[in-house]
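Structural characterization, general
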Amino acid sequence: MPRSVNSVASRARRKKVMKQAKGYFGRRKNVWTVAKNAVEKAMQYAYRDRRNKKRTFRALWITRINAGARMHGMSYSQFMGKVKANNIDLNRKVLADLAMNHPDAFKAIVEKVK
């Protein structure tokens, strides 16, 4: 009995990967084995960096809050400690946005917690 090969599914699978490799440089865009490896590696980076993005943004927010707090004579840790003690339920994302784009509102928060 001859071997049954589902070439329709195989071709669809290859087409899907080749479509994902569009825009890559050199053989990565049109040679199956190279494109498959490139797409696989890209997916690994994408998975990893979706998690790293959260860390990066938190670090950015902390930096911005620290800069805003120091303009009013407080360190970041002092400011955040007093924010928590005064039950102000604003997260770092919102506080960083206030420090950057609305300095008057941020100053009001600093005055409230001092």
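This text goes with the structure placed above it.
One structure accompanies this document, and this report is about it. (Residues numbered from 1 in each chain as written. Predicted model: local features only at pLDDT ≥ 70, side-chain atom pairs only at ≥ 80, totals over all residues. Heavy atoms only, no water.)

Describing the overall build of the protein
Along its length, the protein carries 5 helices and 0 strands. Each helix and strand of the protein, ordered N terminal to C terminal, gives the series α-α-α-α-α. The globule rule puts the C-alpha radius of gyration for 114 residues at 13 Å, and the 25 Å found for the protein is more than 25% above it. Expressed along its principal axes, the backbone C-alpha trace of the protein runs to roughly 85 × 30 × 20 Å. (Helix = DSSP H or I, 4+ residues; strand = E, 2+ residues; numbered from the N terminus. Rg over C-alpha atoms; globule rule 2.2 N^0.38 Å.)

Brief notes about helix H2 (residues 32–71)
The end-to-end C-alpha separation of H2 is 56 Å, in line with the 58 Å expected for 40 residues at 1.5 Å each. Where H2 bends most, at Arg50, the angle is about 30°. The complete set of buried residues in H2 reads Ala35, Ala38, Val39, Ile65, Gly68 and Ala69. On its buried face, H2 is in contact with helix H1 (7–20), helix H3 (76–85), helix H4 (92–101) and helix H5 (103–113). Positive backbone phi, approximately 80°, marks Gly73, located one or two places after H2. (Expected span 1.5 Å × (residues − 1). Bend = angle between axes of the 7 residues up to and from the residue. Buried < 20%, exposed > 50% of the residue type's maximum accessible area, 1.4 Å probe, protein only. Contact = heavy atoms within 4.5 Å.)

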